[in-house]
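Coordinate analysis (summary)
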Amino acid sequence: MPRVLLAVALLAASAASAREDPTFRTGTGRISIMGGWHYTPNDYFLQRAAEKLVPVKPNRGGPHALGTFAYAASDSIEVAIDLFASSDNHDVPERADLVMVHYGALLGARVFWALGSLTPNVGFGIGPSLVYVGGLNAPSAERVITSYAACAGLTWQVSDTLAATVDLRWLLARGYVPAVGSGINAGGGFASIGLTWIFPPDPDRAGAVR
């Protein structure tokens with residue numbers, strides 16, 4: 001195990017030193033398209049459903065898609081708009097499955113560090129989203145809410161205009177299930193991986209700003 005960790009550390013160091021002049025700097029734009037898996041813990045809702053004699057089974061998460069449009073306002077801060085969509089499905093014996101779909105947009109900011117080819121970042125986001133809940137042989141419900149997210153990511157440049165991106169985030173959001181008379185967690189932990197297209201700043205404008 002120590003040898004594996006050492007090899008990973010050396011690989012990361014060589015990747016970081018491979019690009020002395022990082023592309024991520026003031027004026028850089030990027031578009032990231034990612035997909036992955038999320039897990040939404042719902043212990044409170046499952047307990048309330050059991051009390052109502054609705055045997056909702058826990059799920060193991062579901063797929064999601066994430067798109068990020070970001071602009072570096074400085075050499076260490078970027079503003080971003082995240083568009084996301086996720087789905088969850090709970091098995092319910094003798095009833096229609098409980099289906100939840102959550103989608104929306106987040107406006108936020110991130111602090112990033114350009115370490116050669118590697119660019120880690122941390123940040124937050126807030127914005128409107130819609131939670132749709134259907135199934136249980138009952139009328140469906142839609143709820144517009146405000147979602148909050150804390151995120152961390154890592155971008156690894158493979159060229160001046162293309163990079164691989166990993167994104168981890170925790171999302172706070174709640175929907176409502178009329179058949180149970182209870183709120184339901186629509187957030188949770190999200191893990192995403194995908195590609196980033198980089199749009200370097202105009203050299204003339206960058207020189208004027210500097």
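Residues numbered from 1 in each chain as written. Predicted model: local features only at pLDDT ≥ 70, side-chain atom pairs only at ≥ 80, totals over all residues. Heavy atoms only, no water.

1. Some words on the pairing of strand E1 (residues 29-39)
Pairing of E1 with strand E2 (residues 62-72) involves 10 bridges; the strand directions are antiparallel. Bridged to isoleucine 31 within E2 is phenylalanine 69. Bridge count for E1 against strand E10 (residues 188-199) is 11 bridges, and the pairing is antiparallel. Looking across to E10, one finds that histidine 38 is bridged to phenylalanine 190. (Pairing = 2+ DSSP bridges. Helix = DSSP H or I, 4+ residues; strand = E, 2+ residues; numbered from the N terminus.)

2. Points about the nonpolar core
One finds Phe45, Val56, Leu98, Val133, Leu136, Val177 and Ile184 to be the most contacted residues of the largest nonpolar core, which totals 17 residues. Here this core takes 3 residues from helix H2 (residues 43-51), the largest share from any one element. Apart from the residues lying within four places of it in its own chain, the contact partners of leucine 136 are Val54, Val56, Val92, Arg95, Ala96, Asp97, Leu98, Val177, Ala179 and Val180. (Core = buried A, V, L, I, M, F, W, Y, C linked by side-chain atoms within 4.5 Å. Buried < 20%, exposed > 50% of the residue type's maximum accessible area, 1.4 Å probe, protein only. Contact = heavy atoms within 4.5 Å.)

3. With respect to the pairing of strand E4 (residues 98-112)
Where strand E3 (residues 77-90) lies against E4, 14 bridges are found, and the strand directions are antiparallel. Counterpart to isoleucine 81 in the pairing with E4 is leucine 107. Note: E4 against strand E5 (residues 118-135), 12 bridges, orientation antiparallel. By the bridge assignment for E5, valine 101 is matched with tyrosine 132.

4. With respect to the environment of histidine 38
With respect to the secondary-structure elements, histidine 38 resides in strand E1. A residue is classified by how much of its surface remains accessible, and histidine 38, at 1% relative accessible area, is buried. Residues histidine 38 and phenylalanine 190 lie 152 residues apart in sequence; the distance between their C-alpha atoms is 4.3 Å. Here proline 63 takes part through its backbone oxygen, which lies 3.5 Å from a polar atom of the side chain of histidine 38. (Polar contact = N/O pair within 3.5 Å; in protein donor to acceptor, adjacent residues only side chain to side chain.)

5. Here's the deal with the pattern of salt bridges
Summed over all chains, the structure comprises 6 salt bridges. Among the salt bridges present, the one from aspartate 82 reaches arginine 110, with a minimum N-O distance of 2.9 Å. In this pair, aspartate 82 sits in strand E3 while arginine 110 sits in strand E4, placing the two residues 28 residues apart along the sequence. Taking the relative accessible area as the measure of exposure, aspartate 82 reaches 4% and is therefore buried. Because the salt bridges share partners, they merge into one network encompassing Arg30, Glu78, Asp82, Arg110, Asp167 and Arg169. (Salt bridge = Lys/Arg side-chain N within 4 Å of Asp/Glu carboxyl O.)

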